[in-house]
Amino acid sequence: MVMGLLAKFILISLLQTPLHHPNGTLQQLPQIIIIGVRKGGTRALIEMLSLHSAVVAAQNEVHFFDWESHFQKGLPWYLSQMPYAFPEQLTVEKTPAYFTSAKVPKRIYQMNPNIKLLLILRDPTERVLSDYTQVFYNRLQKHKRYQPIESVLVKDGEINLGYKALNRSLYYVHMQNWLQYFPLESILVVDGDRLIKDPLPEMKKVERFLKLEPQINASNFYFNKTKGFYCLRDHGRERCLHDSKGRAHPHVAPAILQKLYKFFHQPNKKFFELVGRTFNWK
Ligand code: A3P
């Protein structure tokens, strides 16, 4: 009992004593988390948000709330994964797997019920193709066998419900878990399809949601014809996202694509009802 109290006291003291760096920066728990969705454009979003001088982003996906081995290390470990920031700056981390992990909303809520959450979504069919493409390249790199897309999407002539990537695109299922803990006002749904085509208006919405002084502007983006995507300009330095972002997707027979669009029709409708807005998904 005494030991338990002592441990709790030490934990709270640790978290309240930020880890200071001599230049006045410190590590702080994130006030913003990009919770997903995998292949939604999470890297683009965190990089674009980092253009703002009041935001500092964790470089890697932390997987604190979804991986037991990390979660058991406790908040001091989570804190130690955060970048150094000036006290007036906001810290953001992104772990796209949070969105589809049912235990995560409660855990984040317990850390900070007032945290701001960013969720970037794409057309669910497009997201499935992107998900497949990522796994395809990972397996290729490891010299592992891979199945053609059509054989994972369809089984016995029907959509293969056992394919995990399909489940990740059932946005309403996962959103329901989040809305049990967080009000809609705490979650900004960023339109990932729009962020690809024209990043600035989406980023202005993000700035407003986070109550940041407007700073991100048109000169921060330029379209790179070779990449086929917008790239970033930060204090004159130009950079595109890694080659693994923006890869061509495999060709899928139109009949299977139609089946997929149809499959997502009802789930999408449920999602639109949940969040009180619609998206331009096929
Ligand atoms: P594809 O590679 O399938 O096109 P995540 O970072 O969550 O893994 O998402 C990856 C997706 O981000 C890419 O999927 C790509 O479409 C999208 N994206 C959005 N803006 C981008 C940008 N400016 N440059 C590259 N990819 C971008």
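Up top is the structure these notes are about.
Here is a short report on the structure shown in this document.

Cut-offs and rules
Residues numbered from 1 in each chain as written. Predicted model: local features only at pLDDT ≥ 70, side-chain atom pairs only at ≥ 80, totals over all residues. Buried ≥ 20, exposed ≤ 12 C-beta atoms within 10 Å, placed from the backbone. Helix = DSSP H or I, 4+ residues; strand = E, 2+ residues; numbered from the N terminus. Pairing = 2+ DSSP bridges. Core = buried A, V, L, I, M, F, W, Y, C linked by C-beta atoms within 7 Å. Contact = placed C-beta atoms within 7 Å. Near = placed C-beta within 6 Å. Nonpolar A, V, L, I, M, F, W, Y, C, P; charged D, E, K, R; others polar.

So, about the pairing of strand 3 (residues 32-36). Of all five residues in strand 3, five are buried, a share of seventy percent or more. In this sheet, strand 6 (residues 90-94) lies alongside strand 3 in parallel orientation, the contact comprising three bridges. Residue pairing across strands places isoleucine 33 opposite glutamate 93, the latter belonging to strand 6. Of the strand pairs in this sheet, strand 3 and strand 7 (residues 116-121) are connected by four bridges, and their pairing is parallel. Paired with isoleucine 32 across the bridge in strand 7 is lysine 116.

Another point: the nonpolar core. Membership of the largest hydrophobic core comes to 41 residues, with the highest contact counts inside it found for Leu45, Leu118, Leu119 and Ile120. At the level of elements, strand 3, helix 2 (42-49), strand 4 (55-57), helix 5 (104-111), strand 7, helix 9 (171-179), strand 10 (187-191) and helix 11 (199-209) are the ones that each hand at least two residues to this core. Those residues within four positions of leucine 45 in sequence are excluded, and the remaining contacts are Ile34, Leu118, Ile120, Val190 and Leu195. One finds Val128, Tyr132, Ala165 and Val252 within the second-largest nonpolar core, a separate group that totals ten residues.

Further remarks concern the pairing of strand 11 (residues 221-224). Two elements, strand 11 and strand 12 (residues 229-234), share four bridges in a ladder whose sense is antiparallel. Looking at strand 12, one finds that phenylalanine 221 is bridged to leucine 232. From the end of strand 11 to the start of strand 12, which pair antiparallel, there are four residues, and glycine 228 there has a positive phi angle of about 80°.

Neighbouring the ligand are 17 residues; Thr42, Arg43, Ala44, Ser130 and Phe229 lie closest to it. Sorting the residues of the shell around the ligand by element identifies helix 2, helix 6 (124-141), helix 10 (192-197) and strand 12 as the ones contributing at least two each. Top contributing element to the shell around the ligand by residue count: helix 2, with three residues. Grouping the constituent residues of the shell around the ligand by class yields seven nonpolar, six polar and four charged.

Purely geometric stuff here, so don't read any function into it on its own.
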